[in-house]
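Fold and contact review
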Amino acid sequence: MSAEATTTTSAGSVVAVLRSRYVPRLLSASLIGRLPTGMAPLAILLTVRENGGDYRLAGLLAALYAGSAAVCGPVLGRLIDRTRQVPVLLASAATSTAAFLVLGLVDPVRSVAIGAVAAVVAGAATPQLEPCLRVLWEHVVAGEHNIRAAFSLDAATQELIFVCGPLVVLGVTAFGGPSAGLIAAAAVGLLGAAWFATARPARAWRGTHAERHWAGPLRGAGVLRLFAALICVGATIGAFTVGITGYAEVAGSSAAAGLLIALNAAGALVGGIAYTAVPVAHREDRRLLVLLALLALGYLPLVLVLNVPAMAAFAFLSGCALPPVLASAFALIARMAPEGTLTEAHAWMITSFGVGNALGSAAAGTLLDLVSPAAAFVLATACAFVGAALAIRRLLT
């Protein structure tokens, strides 16, 4: 198929999904409600620094926020699976909003304990809009191909959260001071969650009555291996982000780091939209294996550590395969998760990716200090290949 034909088909798939009733509202509400995830790290940093705190405290609070979100996401997902989306989303959004307000209005440097508790609560109560949206796709989009296109569009557009989130923080803090970033995160999080939860599909959805097990979706065949592969994917992205920042400093252009990371996100957006034109796979596990291999190959050229223009091109290229990988994983988990556990399963996917991202970032930081940026890119590529190896093992078992 020619590039022009692929572009036309992709555009047609995206239009078909967006023309489905409720999709524009659900997708936009989900993105708005998830903006605090992209806003919180920078907003916390600016608030702590403005109050005279050091980077260690800012990093601690940001880590508490992210860590509690990763731990409690599956818990909220399980609660939704057993009840309904609306009450859990609204209650968690209200709780997270209150915690963000406390974090923004109380000096986290003088009141470290209060700041730490607020960060934990804000993260733990993060509304599970991402899993809820993915559970609803089959209820609002008709046809297997369009559902797969919706998964891909979903994976691609989430890049906007991490591009727009920091920009929103910078914008509001320019007028309202550093704490305005946390107050804005509270406001947009509540707005997005409320807009999503009051949509008819969310109000109509009910958890299914099924046999319950303490392990939830983790008892599904191959589920743990899929989550392990997603940890590797998250580690790839975390190692890249840290590695590209170190590369920019060594290259004498620290400002280039933001550009290179933005280009990686732009590649992901383009790759995700293009993937909407790809036909439904007969064997989704084989499709995922191919995509994981492409992800690894996309990061491999970065190991060469070339000049900034060349690295810019490869940064864009390396981002292209991420949304297809995630979209394929979404489709696969929908088949693998035991009945009545799908929301929790999607929450575990988010947790797996987040844990991998944290581990990759930490390991890459150590490699930057001890070796060089090239070592961080080797780590990113190696993690992606390990993810592919886990997929191969699933094919052989």
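Summarised in this report is the structure supplied together with it. (Residues numbered from 1 in each chain as written. Predicted model: local features only at pLDDT ≥ 70, side-chain atom pairs only at ≥ 80, totals over all residues. Heavy atoms only, no water.)

**What about the overall build of the protein?**
Worth spelling out the cut-off: A run of H or I in DSSP becomes a helix once it reaches four residues, and a run of E becomes a strand once it reaches two; helices and strands are each numbered from the N terminus. In this treatment the radius of gyration is a C-alpha quantity, and the globule benchmark scales as 2.2 Å times the residue count to the 0.38 power. Working definition: with a 1.4 Å probe on protein chains only, accessible area under 20% of the residue-type maximum means buried, over 50% means exposed, and in between means partly exposed. Note on contacts: a residue pair qualifies if any of its non-hydrogen atoms lie within 4.5 Å across the two residues. Only the protein chains shown count as cover for residues, and the accessible areas themselves come from Shrake-Rupley with a 1.4 Å probe. We treat Lys and Arg as the positive residues and Asp and Glu as the negative residues; His and chain ends play no part in the count. Positions of charges follow a simple convention, taking NZ of Lys, CZ of Arg, CG of Asp or CD of Glu.
Along the backbone of the protein there are 18 helices and zero strands. In terms of overall size, the protein behaves like a compact globule, its C-alpha atoms giving a radius of gyration of 20 Å where 397 residues would be expected to give roughly 21 Å. Overall size of the protein, expressed as C-alpha extent along the three principal axes, is 55 × 50 × 40 Å. Burial analysis of the protein (397 residues in total) assigns 51% to the buried set. Taking contacts inside the protein between residues at least 6 apart in sequence as the whole, the part at least 24 apart equals 83%. Carbon and sulfur atoms form 69% of the exposed surface of the protein, whose accessible area is close to 16,600 Å². Charge separation in the protein, taken as the distance between the mean sites of 24 positive and 17 negative side-chain charges, equals 8 Å.

**Some remarks on the nonpolar core**
Going by this rule: By nonpolar core we mean a set of buried residues, namely Ala, Val, Leu, Ile, Met, Phe, Trp, Tyr and Cys, connected to one another through side-chain atoms within 4.5 Å.
Residues W137, V141, F196, L295 and I333 are the most contacted members of the largest nonpolar core, which totals 75 residues. The element contributing the most residues to this core is helix α16 (residues 322–336), with ten residues. Among the nonpolar cores identified, the runner-up in size contains 23 residues, and L35, L61, L182 and A186 belong to it.

**Details of helix α12 (residues 223–250)**
Since the α-helix advances by 3.6 residues per turn, residues separated by three or four positions end up pointing in the same direction. Put simply, the test is: Take the number of residues in a helix, subtract one, and multiply by 1.5 Å to get its expected span.
Between its first and last C-alpha, α12 extends 41 Å over 28 residues, near the 40 Å set by a 1.5 Å rise per residue. After α12 finishes, the residue G252 shows a positive phi value of roughly 80°.

**Digging into the pattern of salt bridges**
Side chains carrying opposite charge are able to pair once their charged atoms draw close together. Put simply, the rule reads: Salt bridges are defined by distance alone: a side-chain nitrogen of Lys or Arg within 4 Å of a carboxyl oxygen of Asp or Glu.
In total, this model carries nine salt bridges according to the counting rule given. The partner of E130 in a salt bridge is R34, with the nearest N and O atoms 3.8 Å apart. With E130 in helix α7 (residues 129–140) and R34 in the loop between α2 (23–33) and α3 (35–50), this pair connects stretches of sequence that are 96 residues apart. A network of salt bridges, in which partner residues are shared, links R34, E130, R134 and D154.

**Here we look at the packing of aromatic side chains**
The cut-off we apply is this: The pairing test for Phe, Tyr and Trp rings, Trp by its six-membered ring, is centres within 6.5 Å, and the orientation test on the planes gives stacked under 30 degrees, edge-to-face over 60, and tilted for anything in between.
In the structure shown here, the tally under the stated rule is three aromatic pairs. Ring geometry for F240 and Y299: centres 5.6 Å apart, planes at 70°, overall edge-to-face. Of the two residues, F240 sits in helix α12 while Y299 sits in helix α14 (residues 284–299), which places them 59 residues apart along the sequence. In terms of burial, F240 and Y299 fall into one category: buried.

**Regarding the environment of A362**
Along the chain, A362 turns up in helix α17 (residues 342–370). We classify A362 as partly exposed; its relative accessible area is 48%. Remark: the alpha-carbon pair of A362 and G238, spanning 124 residues in sequence, is separated by 8.1 Å.

**A short note on unusual backbone geometry**
Look at Y22: it is not a glycine, yet its phi comes out positive at around 80°. Relative to the elements of secondary structure, Y22 occurs in the loop between α1 (3–18) and α2. A relative accessible area of 23% means that Y22 is categorised as partly exposed. Its identity as a non-glycine residue notwithstanding, V305 has a phi of 50°, on the positive side. With respect to the element layout, V305 can be found in the loop between α14 and α15 (308–319).

**Some words on a nonpolar patch on the surface**
Defined as follows: Candidates for patches are residues over 30% relative accessible area with no salt bridge; among them, like charges are joined within 9 Å and nonpolar side chains (Val, Leu, Ile, Met, Phe, Trp, Tyr) within 5 Å.
Taken together, V290, L294, L297, L300 and F385 make up a surface patch of nonpolar side chains, about 440 Å² in accessible area. The biggest single contributor to the nonpolar patch is α14, with three residues. Relative to the elements of secondary structure, F385 occurs in helix α18 (residues 373–396).

**Brief notes about the packing of helix α13 (residues 256–275) against α15**
Two quantities define a packed helix pair, namely the angle between the helix axes and the distance between the axes. Heads up, the rule is: Whenever a helix is involved, its axis is fitted only over the stretch in contact; in every case the axis is a line through C-alpha atoms, and angles between N-to-C directions fall within 0 to 180 degrees. Should the near helix be turned counterclockwise from the far one by less than a right angle, the crossing is left-handed, whereas a clockwise turn marks it as right-handed. For this classification, Asp, Glu, Lys and Arg are treated as charged, while Ala, Val, Leu, Ile, Met, Phe, Trp, Tyr, Cys and Pro are nonpolar and the rest, including Gly, are polar.
Here α13 crosses α15 at 35°, and the two axes come no closer than 6 Å. The two elements α13 and α15 meet at a crossing, and its hand is right-handed. Where α13 abuts α15, its residues A256, L260, L263, N264, A266, G267, A268 and V270 lie against V308, M311, A312, A315, F316, S318 and G319. The class makeup of the residues in the contact of α13 with α15 is eleven nonpolar, four polar and no charged.

**Section: the environment of W137**
Mapping W137 onto the fold places it in helix α7. On the basis of relative accessibility, which here comes to 0%, the residue W137 falls in the buried class. With 70 residues separating them in the primary sequence, W137 and G207 have C-alpha atoms 15 Å apart. Residues contacting W137, with those up to four places away along its chain left out, are V23, L27, I147, A150, F151 and D154.

**A few points about the packing of helix α5 (residues 85–105) against helix α10 (residues 179–197)**
What counts is decided by this rule: Relative orientations are named as follows: roughly parallel for angles under 35 degrees, roughly antiparallel for angles over 145 degrees, roughly perpendicular for angles from 65 to 115 degrees, and oblique for any other angle.
One can describe the packing of α5 onto α10 by two numbers: an axis separation of 8 Å at closest approach and a directional angle of 170°. Between α5 and α10, the crossing angle belongs to the class labelled roughly antiparallel. From α5, Q85, V86, L89, L90, A93, A94, T97, F100, L101, L103, G104 and L105 reach across to α10, where they touch S179, L182, I183, A185, A186, L190, A193, A194, F196 and A197. Broken down by class, the residue content of the contact of α5 with α10 amounts to 18 nonpolar, four polar and no charged.

**Description of the side chain of H346**
Relative to the elements of secondary structure, H346 occurs in helix α17. When its relative accessible area of 1% is taken as the criterion, H346 is described as buried. With near-sequence residues (within four places) excluded, H346 lies in contact with P131, R134, V135, F330 and I333.

Just geometry here; none of it tells us what the structure is for.
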